[in-house]
Amino acid sequence: MAQKGVQLDRETISCSICLDLLQDPVTIPCGHSYCMNCIKSYWDGEDERKIHSCPQCRQTFTPSPVLMKNTMLAVLVEELKKTGLQAAPADHCYAGPEDVACDVCTGRKVKALKSCLFCVASYCETHLQPHFESPTFKKHKLVDPSKKLQENICSRHNEVMKMFCRTDQQCICYLCSVEEHEGHDTVSAAAERTERQRELEVSRQNVQQRIQDREKDVKELQQQVEAINRSADKAVEDSEKIFTQLICLMEKRSSDVKQQVRSQEETDVSRVKELQEKLEQEITELKKKDAEMKKLSHTEDHTQFLYNYPSLSALSESTSSINIRPLRYFEDVTAAASELRDKLQDILREKWTNVSLTVTEVDVLLPQPEPKTRAELLKYSRKITLDPNTANTQLLLSEGNRKAKITWKMEKQSYSSHPDRFTGWVQVLSRESLTGHCYWEVERRGFGVSVAVAYKNISRAGSRNECECGFGRNDKSWALSWNYNSYNFWFNNISTPVSGPESSRVGVYLDHIAGILSFYSISETMTLLHRVQTTFTQPLYAGVGFDFHEVTAEFCKLK
């Protein structure tokens, strides 16, 4: 009980402005007491309005009351000082440079607990009490402490800006709405906040969806890394088993294959992880953006919300979604080594040849924009050479295996027997497998030429009556055919008429990652003839096919 009495005395003799023991105490007409210097300083700040008020109950006085020292309180304070009583708050209650200070406190200011949008002032716990106790403050809007309250005041009319002009996209006060903004589309700041809040929630949902998408992409990339590692490990194991059969002659070659596989594995994993890091960075930035949006959505100050909204609501362009090819990485290593083992004896009797290690690159990079001009297409130009082992025996290859010709007499060439050779359809495939971004051009003389791309596992043996072998007559190849003055696109034995300017040269653009295959008519200008959007599950090979004799097709040298 005694302790409770001491606490009551401390509150009674403390100045609610400086929060210290009263010095030269004075009592104003409403009954509240303050240090004489504190209340004078407080009223000095109100002189412009010529109305003086009580800091606690806000009762106003006109004119300013005459301040007389309260002798009884002065004696009481002096008596209690002798007991060592202190009324100042602890140091951690005082406002630091980064804190919002109470606008009522004098001397060393205390941290503000709340800011009042109506009073345009911030209050500590003590000076905030009238807002909870007096009906006068019942309709005042209290928010978290803010240093930007003055931004809520109209610089022209010195009034709180509670309106929003949609015409000029700015906060205004009521007087502005009937003066310079008369006739504009104006609403209350609260109404505009509600509308922008809905927009903000939509933006947050988009951000959250992008986070989910990117997290899914990261997971798929991790699986891709594991698949690359497994495929590389198996390729190394198989290659070592095959090359051990060649004893000393193939020891060095075995080491080369292992080194190349590991090098390619390291390169592919590095590319995947680099993209993974970019996606994780984007996720981090999106989460940061989401946190900022969340913080803004909980802002109670409408004006501050509208000030900060434009900078947070707009979303940066999203990175395009990735397109990961089906797994097929190092199988060609094993196949090349097996073929070498079977044919090594015959090859070594004639000449030494280098074994080319073919490794399919891992296509997990983000799709690039599709080229729009021939100059852009030429950046992806590839040198294409034809594979004699695939050429129909009626085709004569020349110009370094870049040119194919079917003669008038259709004489058979003396090609050796090979399982990759087309026997019924007069056509040929390239040596090079095509992945990533590729561009090439074919020049023809005569009609009845088809420019195509095909999977390696397209059927080779069969007559022209059997569609599974012809370019575009199955689901393993795509072809654009020239027949006199018309074009036709073929896929899965379905023909689609194609219109466009006649030209002796056709350009082919392949984006294996994005599943894009485009054919262009090339002359003085470039015209898109046909575009395919699909999903390629294997590497492709360029090809040409022939329907008539005395026709040639040549893969052009591009600068």
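Residues numbered from 1 in each chain as written. Predicted model: local features only at pLDDT ≥ 70, side-chain atom pairs only at ≥ 80, totals over all residues. Heavy atoms only, no water.

- As recorded in an unreviewed UniProt entry, the protein goes by Tripartite motif-containing protein 16 and comes from Dicentrarchus labrax.

Topic: the sheet that holds strand β5 (residues 114–116)
Line of reasoning, step 1. Read across the open sheet, the three strands follow the order β6-β5-β7; overall the sheet is antiparallel. One side of each edge strand has no neighbouring strand; the edge strands of this open sheet are β6 (121–123) and β7 (142–143).
Line of reasoning, step 2. When β5 meets β7, the two strands line up antiparallel, connected through two bridges. Paired with C116 across the strands is L142, a residue of β7.
Line of reasoning, step 3. Running at roughly 110 degrees to β6, helix α4 (residues 125–133) makes contact with β5, β6 and β7 of the sheet. (Pairing = 2+ DSSP bridges. Helix = DSSP H or I, 4+ residues; strand = E, 2+ residues; numbered from the N terminus. Contact = heavy atoms within 4.5 Å. Axes fitted to C-alpha atoms, helices over the stretch in contact; angles between N-to-C directions.)

Some words on the environment of N389
Line of reasoning, step 1. When you line up the elements, N389 lands in the loop between α10 (374–378) and β11 (395–398).
Line of reasoning, step 2. In contact with N389, other than residues within four places in its own chain, are H418, D420 and R421.

Some points on a nonpolar patch on the surface
Line of reasoning, step 1. Where nonpolar side chains cluster on the molecular surface, the patch consists of Y174, L175 and V178 and spans about 290 Å² of accessible area.
Line of reasoning, step 2. Position of L175 among the secondary structure elements: in helix α5 (residues 174–178). (Patch = residues over 30% accessible without salt bridge, like charges linked within 9 Å, V, L, I, M, F, W, Y side chains within 5 Å. Areas by Shrake-Rupley, 256 points an atom, 1.4 Å probe, with all protein chains shown as cover. Salt bridge = Lys/Arg side-chain N within 4 Å of Asp/Glu carboxyl O.)

Some remarks on the packing of aromatic side chains
Line of reasoning, step 1. By the definition in use, this model includes nine aromatic pairs.
Line of reasoning, step 2. Plain terms: the ring middles of F305 and Y309 are 5.8 Å apart, the flat faces sit at 25 degrees to each other, and that makes the pair stacked. Here F305 pairs with Y309, and both are found in helix α8 (residues 302–313), just four residues apart, close to one helical turn.
Line of reasoning, step 3. Residue Y309 is classed as buried on the basis of its relative accessible area, which comes to 7%.
Line of reasoning, step 4. Centroid distance W482 to Y487: 6.4 Å. Interplanar angle 50 degrees. Geometry classified as tilted. In this pair, the class of W482 matches that of Y487, namely buried.
Line of reasoning, step 5. Three or more aromatic residues link up through ring pairs in this structure, and these residues are Y455, W478, F491 and F536.
Line of reasoning, step 6. Its guanidinium or amino end placed over the ring of W482, R444 lies 4.9 Å from that ring's centre, counting from NZ or CZ.
Line of reasoning, step 7. For the cation-ring pair, R473 lies above W490, with the distance from its terminal atom to the ring centre recorded as 3.7 Å. (Phe/Tyr/Trp six-rings, centres within 6.5 Å; stacked < 30°, edge-to-face > 60°. Buried < 20%, exposed > 50% of the residue type's maximum accessible area, 1.4 Å probe, protein only. Lys NZ or Arg CZ within 6 Å of the ring centre and 35° of its normal.)

Let's talk about the sheet that holds β11
Line of reasoning, step 1. Ordered by their spatial adjacency, seven strands build an open sheet running β11-β12-β23-β14-β19-β20-β21, and the pairing between neighbours is antiparallel. In this open sheet, the two strands that pair with only one neighbour each are β11 and β21 (526–533). On average, adjacent strands in this sheet sit at an angle of 20 degrees to one another, irrespective of strand direction.
Line of reasoning, step 2. For strand β14 (residues 437–445) and strand β23 (residues 551–555), the ladder comprises four bridges, and the chain directions are antiparallel. Among the inter-strand pairings, R445 is bridged to a residue of β23, identified as T552.

So, the pairing of strand β16 (residues 477–483)
Line of reasoning, step 1. With six of seven residues buried, β16 is to be regarded as a mostly interior element.
Line of reasoning, step 2. As paired strands, strand β15 (residues 449–455) and β16 are joined by six bridges and run antiparallel to one another. The residue bridging V453 from the neighbouring strand is W478, located in β16.
Line of reasoning, step 3. Of the pairings in the sheet, the one linking β16 to strand β17 (residues 486–491) comprises six bridges and is antiparallel in character. Residue S481 lies in a different strand from β17, and its bridge partner there is N488.
Line of reasoning, step 4. Between β16 and the antiparallel strand that follows it, β17, lie two residues; Y484 among them carries a positive phi value of about 55 degrees.

A word on the pairing of β17
Line of reasoning, step 1. For β17 and strand β18 (residues 494–498), the ladder comprises five bridges, and the chain directions are antiparallel. By the bridge assignment, Y487 is partnered in β18 with V498.
Line of reasoning, step 2. Where β17 hands over to β18, the hairpin turn is made up of two residues, of which N492 adopts a positive phi near 55 degrees.

What to know about the side chain of H140
Line of reasoning, step 1. For H140, the position within the fold is in the loop between α4 and β7.
Line of reasoning, step 2. Taking relative accessible area as the criterion, H140 reaches 14% and is therefore assigned buried.
Line of reasoning, step 3. Within the structure, H140 has its side chain in polar contact with the side chain of H131 (distance 3.4 Å). (Polar contact = N/O pair within 3.5 Å; in protein donor to acceptor, adjacent residues only side chain to side chain.)

Observations regarding the environment of K111
Line of reasoning, step 1. Following the sequence through the fold, K111 ends up in the loop between α3 (71–81) and β5.
Line of reasoning, step 2. Along the sequence, K111 and Y123 sit twelve residues apart, while their C-alpha atoms lie 7.9 Å from each other.

Digging into the pattern of salt bridges
Line of reasoning, step 1. Within the structure shown, the criterion is met by 25 salt bridges.
Line of reasoning, step 2. The residue K278 makes a salt bridge to E274 at a minimum N-O spacing of 3.8 Å. Of this pair, K278 and E274 both sit in helix α7 (residues 251–297), four residues apart, which is roughly one turn of the helix.
Line of reasoning, step 3. Between E443 and R505 there is a salt bridge, with its nearest N and O atoms 2.7 Å apart. Highlighted residues: E443 in strand β14 and R505 in strand β19 (residues 505–511), separated in sequence by 62 residues.
Line of reasoning, step 4. The exposure class assigned to E443 is partly exposed, which follows from its relative accessible area of 24%.
Line of reasoning, step 5. When salt bridges with common partners are traced through the structure, they connect R210, R214, D217 and E282 into a single cluster.

Points about α4
Line of reasoning, step 1. Buried within α4 we find H127, L128, P130 and H131. Down the axis of α4, the buried set is contained in an arc of 135 degrees. They therefore lie on one face. Seen from the buried face of α4, the exposed residues on the opposite side, beyond 90 degrees, are E125, F132 and E133.
Line of reasoning, step 2. Contacts made by the buried residues of α4 are with β5, β6 and β7. (Arc of directions from axis to C-beta.)

Looking at the nonpolar core
Line of reasoning, step 1. Counting residues in hydrophobic clusters, the biggest one holds 38 residues, and the most contacted among them are W440, W478, L517 and F546.
Line of reasoning, step 2. Excluding anything up to four places from it in sequence, F546 contacts L395, A404, I406, V426, G448, V449, R464, V551, T552 and A553. (Core = buried A, V, L, I, M, F, W, Y, C linked by side-chain atoms within 4.5 Å.)

Brief notes about unusual backbone geometry
Line of reasoning, step 1. In the Ramachandran plot, E399 falls in the positive-phi region, its phi being about 55 degrees despite a non-glycine side chain.
Line of reasoning, step 2. Relative to the elements of secondary structure, E399 occurs in the loop between β11 and β12 (403–406).
Line of reasoning, step 3. Notably, N401 is not glycine yet its phi reads approximately 65 degrees, a positive angle.
Line of reasoning, step 4. Examined against the element boundaries, N401 turns out to sit in the loop between β11 and β12.

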